[in-house]
Amino acid sequence: MTFEALNLMPVILKNVHSAGYDTPTPIQRATIPLVMAGKDVLGCAQTGTGKTAAFALPMIQNLAKHPPRPGMPRVIRSLILTPTRELALQIYENFMIYGKGLPVYPTVIYGGVGQQQQVDALHRGADVVIACPGRLWDLMNQGYVRLDWVQTFVLDEADRMLDMGFIHDVRRIAAKLPEKHQTLLFSATMPPEVEKLAMDLLDHPETVKVDPVSSTVKAIDQCLYMVDKANKKHLLAHLLSAPDVENALVFSRTKHGADRIVRELKRAGIDACAIHGDKSQNARQAALTKFKTGECKVLVATDIAARGIDIAGLSHVFNYDMPMEPEAYVHRIGRTGRAGRTGNAISFCCIDEIKQLEQVEKLIHQHLPRRESDWPMLITTPSEPKPRQPRPSKLNAQGEAAPQRKSRVPQPRKGQPVVIGKDGKVREAQPPKRQNQAQAKNAAPQSRPPIGRPVQRVNKRRNG
Ligand code: AMP
């Protein structure tokens, strides 16, 4: 089948071909006619299958065919909710590419940055709003966004919305949509909560299943190294220097871990940058741009930050740490092997991650082929779980963790006597207060009653 057979308008066909797409992917073939016909769709598609164009192309066509009448304001007619800022921006960029030359105006709304630019864009008028739920709800409450004219509502990556605790916001936003609208819900996995949400939001939907739930893309060559935690850094640096590694996305379980991997790679002479939730939006975008343009070969990311990121021609994904949830494995490795290309997914597993490995292999119905390295696993007893360290919460202008703020409790001056308070804090000792003679005379005796004996209070008559 060709794109021409999907009844897309000539400008869209031209844009799609300029983007380098020759034939529609299976999800596009199945979804585009349904969206054009105004049907609700429940799409179960893994990442990298061309899902964005599957909903964006027919939406752009519908909007372009019915532009606002002259003199009428441009109102929001399509709303797309996504879990992460990066995904929102990526969908926005796709709308710009697919809708080039057409009177369709998208805008993007997400948190972590000032709201003014987004508010200004809304005032200028947008037909399509691509938003993360938290900021959108915020702007709705401030009166900047009205959804009364929305015709098509898209919920992308619904399973991740659930994981990230957005489902409450999604329901509140959906409740503000007009009664009559089309809903398209996409999710790579279908846990029961997503199915329930789908039942509540969709009206007689057509189901589009492109691949069985939690299957991994066949074009990805997967393998596993059993390696001690302390040796992962050596193995990673060694594998990254192989000539077939054009660029690599490395997944770390924690934000601190991601920063540490970057430092270790830099020490080994490999340029790398990190993207995670403790970085400012600007720092995240800068790292992503550096990686996409090839300026930096290695991007180290946490799951949430990397969700939905589309990097054309990503050659390798490394699971430096095994994911805590097995589904994340499918999402992670789905960053490579996209749109008909091949890719490599290499996982590291230490003794403490055996349980996670078993869960992944159970989910994908596959035994990951083991590979040997110069750093075989020697530690075979799991380590004791460590107590969690408090994490720094503030960021500086570069998006790095700022040093902890100094305590506001005044510190004693040098050479002054100190006392330790009941709260355990050290304070300057106060000099004893002076008493006048009369006070000194009437003062209660200094000696304290012996411990254990009840204290008797006696009302003494004045001057008496
Ligand atoms: P998505 O699943 O929407 O994130 O798309 C994954 C990648 O596939 C993106 O880089 C798209 O540009 C690309 N893509 C989407 N549709 C096609 C197509 N029909 N042919 C080739 N590449 C495509």
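Residues numbered from 1 in each chain as written. Predicted model: local features only at pLDDT ≥ 70, side-chain atom pairs only at ≥ 80, totals over all residues. Heavy atoms only, no water.

Student: Just to check I follow, could you spell out the overall build of the chain for this structure?
Tutor: When you go through the chain residue by residue, the secondary structure sums to 16 helices and 16 strands. In the chain, which comprises 464 residues, the share counted as buried stands at 46%. Of the contacts formed within the chain by residues at least 6 apart in sequence, a portion of 74% connects residues at least 24 apart. Summed over all atoms, the accessible surface of the chain reaches about 26,100 Å², with 51% contributed by carbon and sulfur. (Helix = DSSP H or I, 4+ residues; strand = E, 2+ residues; numbered from the N terminus. Buried < 20%, exposed > 50% of the residue type's maximum accessible area, 1.4 Å probe, protein only. Contact = heavy atoms within 4.5 Å. Areas by Shrake-Rupley, 256 points an atom, 1.4 Å probe, with all protein chains shown as cover.)

Student: So what exactly am I meant to see when it comes to the packing of helix α10 (residues 232-240) against helix α11 (residues 255-267) here?
Tutor: Helix-helix packing is described using two parameters, namely the angle between the two axes and the distance between the axes. Between α10 and α11, the shortest axis-to-axis distance is 10 Å and the interhelical angle comes to 60°. Considered as vectors, α10 and α11 are oriented oblique to each other. For the element pair α10 and α11, the recorded crossing hand is right-handed. Two secondary-structure elements touch here, α10 through Lys233, Leu236, Ala237 and Leu240 and α11 through Ile261, Glu264 and Leu265. Looking at the contact of α10 with α11 residue by residue, the class counts come to 5 nonpolar, no polar and 2 charged. (Axes fitted to C-alpha atoms, helices over the stretch in contact; angles between N-to-C directions. Parallel < 35°, antiparallel > 145°, perpendicular 65-115°, else oblique. Left-handed = near helix turned anticlockwise from the far one by under 90°. Nonpolar A, V, L, I, M, F, W, Y, C, P; charged D, E, K, R; others polar.)

Student: I tried to follow the pattern of salt bridges on my own but got confused; where do I start?
Tutor: It is possible for side chains bearing opposite charge to pair when their charged atoms get close. Enumeration over the complete set of coordinates arrives at 17 salt bridges. The residue Arg146 makes a salt bridge to Asp148 at a minimum N-O spacing of 2.9 Å. Among the ionic pairs, Lys232 bridges to Glu353, the shortest N-O distance being 2.9 Å. Of this pair, Lys232 sits in helix α10 while Glu353 sits in the loop between β13 (343-349) and α15 (354-364), placing them 121 residues apart in sequence. (Salt bridge = Lys/Arg side-chain N within 4 Å of Asp/Glu carboxyl O.)

Student: Help me out: how do you make sense of the sheet that holds strand β2 (residues 78-81) in this one?
Tutor: Where strands meet in a sheet, backbone hydrogen bonds hold them as pairs that are either parallel or antiparallel. The 7 strands lie next to each other as β3-β4-β2-β5-β6-β1-β7, forming an open sheet whose pairing is parallel. The two strands at the open ends of the sheet, each matched to only one other strand, are β3 (106-109) and β7 (206-209). Direction aside, neighbouring strands of the sheet carry axes that sit 15° apart on average. Packing against the sheet, helix α4 (residues 85-98) makes contact with β2, β3 and β4 (128-131), and its axis sits at approximately 175° to β3. Along the sheet face, helix α5 (residues 116-124) touches β3 and β4 and points at about 155° away from the line of β3. (Pairing = 2+ DSSP bridges.)

Student: Mind showing me how you'd approach a positive patch on the surface here?
Tutor: On the surface, a cluster of positive charge is made up of Lys229, Lys233, Arg253, Arg260, Arg263, Arg267 and Lys386. Per-element tally for the positive patch: the top contributor is α11, with 3 residues. Tracing the chain through its elements places Arg267 in helix α11. Residue classification places Arg267 among the exposed positions, given a relative accessible area of 67%. (Patch = residues over 30% accessible without salt bridge, like charges linked within 9 Å, V, L, I, M, F, W, Y side chains within 5 Å. Lys, Arg positive; Asp, Glu negative; His and termini not counted. Charge placed at Lys NZ, Arg CZ, Asp CG, Glu CD.)

Student: Could you clarify how one ought to interpret unusual backbone geometry in this entry?
Tutor: If a residue is not glycine, its phi is most likely negative; likewise, a peptide bond is most likely trans. Phi at His204 is positive, roughly 40°, even though this residue is not glycine. Note that His204 resides in the loop between α9 (192-201) and β7. Judged by relative accessible area, His204 falls into the exposed class, the value being 71%. Backbone geometry places His365, a non-glycine residue, at a positive phi of 50°. The exposure class of His365 is exposed, given its relative accessible area of 73%.

Student: Would you take a moment to explain the environment of Cys132 for this structure?
Tutor: Summarising the element assignment, Cys132 is placed in the loop between β4 and α6 (133-141). In this structure the C-alpha to C-alpha distance between Cys132 and Ile80, which are 52 residues apart in sequence, comes to 8.5 Å. Not counting the four nearest positions on each side in its chain, Cys132 is found in contact with Thr82, Pro83, Thr84, Arg85, Ala88, Ile109 and Tyr110.

Student: Would you mind going over α6 with me for this structure?
Tutor: Think of an α-helix as turning once every 3.6 residues; residues three or four places apart then point the same way. Inspection of α6 places Pro133, Arg135, Leu136, Trp137, Leu139 and Met140 among the buried residues, and these make up the whole buried set. Those residues of α6 hidden inside the fold are in contact with β2, β3, α5, β4, α7 (158-163) and α8 (167-174). The positive-phi residue at the C-terminal boundary of α6 is Gly143, with phi of around 85°.

Student: For this particular structure, what's the right way to read α10?
Tutor: For α10, the set of buried residues is Lys232, Leu235, Leu236, Ala237, Leu239 and Leu240. On its buried face, α10 is in contact with β8 (220-226), β9 (248-251), α11, β11 (298-301), β12 (316-319) and β13.

Student: Hey, could you run me through the pairing of β11 in this one?
Tutor: It is a general feature of regular strands that their side chains alternate between the two faces of the sheet. The alternating pattern of β11 places Val298 and Val300 and Leu299 and Ala301 on opposite faces, both of which are buried. Pairing between β9 and β11: 4 bridges, direction parallel. Note on β11: the bridge partner recorded for Leu249 is Leu299. Crossover connection from strand β10 (residues 272-275) via helix α12 (residues 281-292) to parallel β11: handedness right-handed. (Right-handed = clockwise from strand over helix to strand, strands pointing away.)

Student: What should I look at first to understand the sheet that holds β12 in this one?
Tutor: The strand order β10-β11-β9-β12-β13-β8-β14 describes an open sheet built from 7 strands, whose pairing is parallel. Each edge of the open sheet carries a strand with a single partner, namely β10 and β14 (370-371). Alignment of β10 against β11, held across 4 bridges, turns out to be parallel. From the neighbouring strand, Ala274 faces β11, where its bridge partner is Val300.

Student: How should the confidence of the model for the chain be read in this particular structure?
Tutor: Fine structural detail should not be taken from predicted coordinates in areas where pLDDT scores are low. Looking at the chain as a whole, the pLDDT averages 84, with 79% of positions reaching at least 70. Scored below 50 in pLDDT, residues 443-464 makes 1 contact in the model with residues more than four places away or belonging to other chains. (pLDDT = per-residue confidence, 0-100.)

Student: I'm lost on the packing of helix α14 (residues 326-333) against α15 in this one. Help?
Tutor: Running from amino to carboxyl end, α14 crosses α15 at an angle of 70°, the nearest separation of the two axes being 8 Å. Between α14 and α15, the crossing angle belongs to the class labelled roughly perpendicular. Contacts between α14 and α15 involve Pro326, Glu327, Tyr329 and Val330 from the former and Gln359, Val360, Leu363 and Ile364 from the latter. Partitioning the contact of α14 with α15 into residue classes produces 6 nonpolar, 1 polar and 1 charged.

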